[in-house]
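# Close look at the chain arrangement
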Amino acid sequence: MNNATDKLTVEELSAATHSIKELLKLTKNVAQPGDVKRLKELLTKGIETGTLNRNRHGFHRLLHNIETARLMCEKIGPDREMVLAILLRDLCRGGMTTEEEVAQQWGTDVSTMIHGLLKTAALYSKSPAVASENFRNLLLTFAEDIRVILIMIVDRLNLMRAINHHPDEQFVKETAMEASYLYAPLAHRLGLYAIKSELEDLSLKYTNRRVYTEIARELNTTKVARDKYIQDFIAPVKSKLEQTGLKFSIKGRTKSISSIWNKILKQHNDLKHIYDLFAIRVILDVPQEREKAECWNVYSIITDMYTPNPARMKDWLSIPKSNGYESLHTTVYGPEGKWVEVQIRTRRMDEIAEKGLAAHWKYKGIKSEANLDTWMANVRDILEAGQHGPTALMKDMKMDVYNKEVFVFTPKGDLFKLPLGATVLDFAFNIHSKLGCQCIGGKVNGKNRKLNYKLHSGDSVEITTSANQQPKQDWLSMVVTSKARTKIRQTLNEQANRQADLGREMLQRRIKNRKLDMEEAELMKVIRKLGFKTVTDFFSAIGREELAVNDVVAEWEALIHKNEATAEVRSAEEFQLQHDDEITAPSNDVVIIGNNIKNINYKLSKCCNPIYGDDVFGFVSAEGVIKIHRSDCPNAAHIKRRYPERLITTRWSGKLGHQFAANLRIVGNDDLGIVTNISSIINKEKDVVLRNISIQANDGIFHGFLTVGVNTTESLSSLVKKLKTVKGVKDVQRSN
């Protein structure tokens, strides 16, 4: 039996009586014989057994459902199956009857809607925090029937009206916020503009009562003046339209409180100076074949009377909105310098705009969201073809708009959206990259599943991890999300780099033992000969022990012997100048390493050929030799990033008189005698020695490389400037 607290108050009984009378009037043309009697018996039994009791917020379920059914008939249209689904859902929820019994007694349509309503209600208990686009999409996915979404929207409007003086302020605020971010946008998307507007107004009222009250008070204070202004605006328009012989109605209104508040925020203004505060609607009674022509005719008449704002012109006649909304909007400069929005539409268009009938078809047969707007171009034809009204056609609609996505829960009830085909591994990476990298599988709805198990909407997923797990190459074929694929590739690259560092160290130790010198140019030749595309792949193979270090060293030694036997310098002009004497090596230290340390074994790196005056740094190589690099050396960034612990401060000692090798790249026109002119300039330079020159010519352009011995960077800069003055020389740059 029901508790005393479940008994209806006098006020509730009065309200219930009124709602029932209105509901019976609204449904008299759609109800079948025996419906009312059978419903009365079931609902009475529900009250007696306590199945229809008060919910946890104090609202009686039966009264709430009756009012929801009445609102649905009033706001959307009478529909027998929808009314039955609303009134019977709590009986199924409480176990007094089953969905199968409902299907037998009232039809499968009713049981299908009840199933959707109970399913979405279950989502609330599973995920109370639903402030997300994901939850809205999940509702659409699970609802299965567009009518379920319509019932949910109207049900929320009923609840919003009822909570005005509810004592639980937190409940009121959460309900209002949910109406704002979930139900109002859904209503808008379905073309239910009147419901959308009321939901937004009530949401503002409950979340920011001060602002709502101030605007409402101001509107109430100025109501007489506004009504007079609207009538003064309408009167001449009405007179002019009557002269045309058109059948029409015309009405004016002030925009909703939430709309005004949004305009105040957007225009940074107060209510007295708000732009576009008034709206006038002209509704024509004309045959459908003349709708567009007559709407434009009315537009022409009004804009002849009042100056229009071209920037505020909106033509939804030629191209209706995606939800089927058709209307012609313009904003004109009315009396007293006030802007007034004028909406011009036909009776058919106004009915669709008010009740969203066209929007009910939006989800029929849609396979992807990209097709929504294209499909909606046929909405009006579908409406016109419906012989039994829109609600009859709505029965065939399934909510498969979002079948390109799946929505899954964590064990705590957090909700995530993933692409269709997403796996357990995708889900793990979507939660956190570390979780994904250590994932070895998961429990989906309590059952153990492998990494590549494909998830379905509504699945509850718990990820299983192991500290020893690492991403594998074949993981890339298991995932569909870009986040997972990017992180897997990144981790695989990091693994390859670590293996490459290990391989490099292994090779350097073996080279040192053989008393060889690792030169980058020779290394690249060995790498190419062994068939590797990148240096990282080469060293990684060594680190993974897929490539034997001894094989690499043997290949290296063979290359060195070959180079010694075949070394020669060639150029396109067969021009060659080779100085046989080596550049004098410093007899005393010319660099200061660390804290003035002397007599340290060091080498000037051949990868960048530093010379006196360059900004340099020292690097302790694997052989124990300190190599001096230029700070702008191509390898400097890599060395500093990979081996910061092996760097050592280095600077020039200040001693002059020693020569350093410097390479120059020169480009110019292949003119007769240009090489002679270049060598002549170099020979005239004091303390500059030409060590080598190699020239290649092609299509009248030559490219050359010079090796010169210089004392300082200043000497080198001076030489470069003079070489650039040689006729035919286009560019001279220092190279590594």
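This is a predicted model, so every value here is computed, not measured.

## Things to note about the nonpolar core
By size, the foremost hydrophobic cluster in this structure holds 56 residues, and its most contacted members are L88 and I153. Counting residues per element, the ones that place at least two in this core are α2 (35-48), α3 (61-75), α4 (80-93), α5 (99-106), α6 (108-126), α8 (146-162), α9 (169-189) and α10 (193-207). Broken down by element, the residue count for this core peaks at 11 residues, all from α8. Sequence-distant contacts of I153, defined by excluding residues within four places in its chain, comprise Y183, L186, A187, L190, L192 and I195. If you look at the next biggest cluster of nonpolar residues, it comprises 30 residues, including I611, Y612, I695 and L723.

## A closer look at the confidence of the model for the chain
Per-chain confidence: the chain averages 78 in pLDDT, with 79% of residues scoring 70 or above. The least confident element of the chain, judged by mean pLDDT, is helix α17 (residues 379-385) at 33; the most confident is strand β9 (residues 439-444) at 94. Per-residue pLDDT stays below 50 along residues 127-131; that stretch engages in seven contacts with residues further than four places along the chain or on separate chains. Segment residues 357-403: pLDDT under 50, and 103 contacts once partners within four positions in sequence are set aside and those in other chains are kept.

## A closer look at the sheet that holds strand β10 (residues 447-449)
Reading across from one edge, β10-β9-β11 is the order of the three strands in this open sheet, with antiparallel pairing throughout. Strand pairing shows two members of the sheet lacking a second neighbour, β10 and β11 (461-465), which therefore form its edges. Sheet twist, expressed as the mean angle between neighbouring strand axes with direction ignored, is 30 degrees. Two strands pair when backbone bridges link them, and β9 and β10 are joined in this way by three bridges, in the antiparallel orientation. Bridging across to β10, V444 finds its partner in K447. This element, helix α19 (residues 424-431), spans β9, β10 and β11 of the sheet and lies at about 105 degrees to β9.

## Considerations on the sheet that holds strand β17 (residues 647-648)
With mixed pairing, four strands are arranged side by side in an open sheet as β14-β16-β15-β17. In this open sheet, the two edge strands, each paired with only one partner strand, are β14 (602-604) and β17. With two bridges joining them, strand β15 (residues 616-620) and β17 adopt antiparallel strand pairing. Each residue of the ladder has a partner; that of F619, found in β17, is L647.

What counts, and at which threshold
Residues numbered from 1 in each chain as written. Predicted model: local features only at pLDDT ≥ 70, side-chain atom pairs only at ≥ 80, totals over all residues. Heavy atoms only, no water. Core = buried A, V, L, I, M, F, W, Y, C linked by side-chain atoms within 4.5 Å. Buried < 20%, exposed > 50% of the residue type's maximum accessible area, 1.4 Å probe, protein only. Helix = DSSP H or I, 4+ residues; strand = E, 2+ residues; numbered from the N terminus. Contact = heavy atoms within 4.5 Å. pLDDT = per-residue confidence, 0-100. Pairing = 2+ DSSP bridges. Axes fitted to C-alpha atoms, helices over the stretch in contact; angles between N-to-C directions.

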